[in-house]
Amino acid sequence: MSTKSPSELEADETAQKRAQAEQFSFDVDAPGMVDVTTESHENPANHQYTVSIDDVTNELMACTCPHHVFCKHMAAVENATNDGTLEAFPSEDDKDADPEDCDCDGLKGFPCWPCVRIGRKELPN
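Read on for an overview of the structure. (Residues numbered from 1 in each chain as written. Predicted model: local features only at pLDDT ≥ 70, side-chain atom pairs only at ≥ 80, totals over all residues. Heavy atoms only, no water.)

Concerning the overall build of the protein
Here is step 1: The number of helices and strands found in the protein is four helices and four strands.
Here is step 2: Along the protein, helices and strands appear, N-terminal first, in the series α-β-β-β-β-α-α-α.
Here is step 3: Within the protein, the fraction of its 125 residues that count as buried is 28%.
Here is step 4: Sequence-distant contacts in the protein: of pairs separated by 6 or more residues, those separated by 24 or more amount to 33%.
Here is step 5: Within the structure as shown, the protein displays about 8,600 Å² of accessible surface, and the carbon and sulfur contribution to it stands at 48%. (Helix = DSSP H or I, 4+ residues; strand = E, 2+ residues; numbered from the N terminus. Buried < 20%, exposed > 50% of the residue type's maximum accessible area, 1.4 Å probe, protein only. Contact = heavy atoms within 4.5 Å. Areas by Shrake-Rupley, 256 points an atom, 1.4 Å probe, with all protein chains shown as cover.)

In structure tokens form, the structure reads like this:
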């Protein structure tokens, strides 16, 4: 039996319907931090938010949008991660590959930010 109130269940159902009806793009800048853009808006750049995911439980935690309950952005990320089209946590094998924007070669041994951000290299002390 669900511990959610009827209004919370209705909000979840509404978010799921909106997530299916609208078009979203996703970008994983850091593990567990998914940038979600609502592409179906006239100006998508004004409708970009970040959804965070717990790295232990893989549960959705929060969204930076103005809604303070389970929202369409969280529903879209949930759907994309559940069906395998979005990997919010890169595997250990991904850390070995150079990111597309790696510039470590030009930094004389200092790691570039893209490699630090994905955990491939660490900043020296």
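Examining unusual backbone geometry
Negative phi values dominate among residues other than glycine, just as trans dominates among peptide bonds.
Here is step 1: A positive phi angle is found at N58, which is not glycine, with a value near 60°.
Here is step 2: On the secondary structure map, N58 appears in the loop between strand 3 (48–53) and strand 4 (60–63).

Observations regarding the nonpolar core
Here is step 1: Core analysis: the biggest nonpolar cluster contains 19 residues, and V34, V51, C63 and V77 have the highest contact counts within it.
Here is step 2: Elements with a minimum of two residues in this core: helix 1 (6–21), strand 2 (33–38), strand 3, strand 4 and helix 2 (72–82). (Core = buried A, V, L, I, M, F, W, Y, C linked by side-chain atoms within 4.5 Å.)

Some points on the sheet that holds strand 3
Here is step 1: Strands sit in the order 1-2-3-4 across an open sheet of four strands; the sheet is antiparallel. The open sheet is flanked by strand 1 (24–30) and strand 4, the only strands paired with a single partner. Each adjacent strand pair in this sheet contributes to an overall mean axis angle of 25°, direction not counted.
Here is step 2: Strand direction decides the pairing type here: strand 3 and strand 4, joined by three bridges, are antiparallel. Within strand 4, the position partnered with V51 by the bridge is C63. (Pairing = 2+ DSSP bridges. Axes fitted to C-alpha atoms, helices over the stretch in contact; angles between N-to-C directions.)

Let's talk about the side chain of D35
Here is step 1: Position of D35 relative to the elements: it lies in strand 2.
Here is step 2: Judged by relative accessible area, D35 falls into the buried class, the value being 12%.
Here is step 3: Polar side-chain contacts of D35 include one of 2.8 Å to the side chain of T50.
Here is step 4: In this structure, D35 is in contact with S25, F26, D27, D29, Q48, Y49 and T50, ignoring residues within four places of it in sequence. (Polar contact = N/O pair within 3.5 Å; in protein donor to acceptor, adjacent residues only side chain to side chain.)

None of the figures reported here should be taken as evidence of function without further support.
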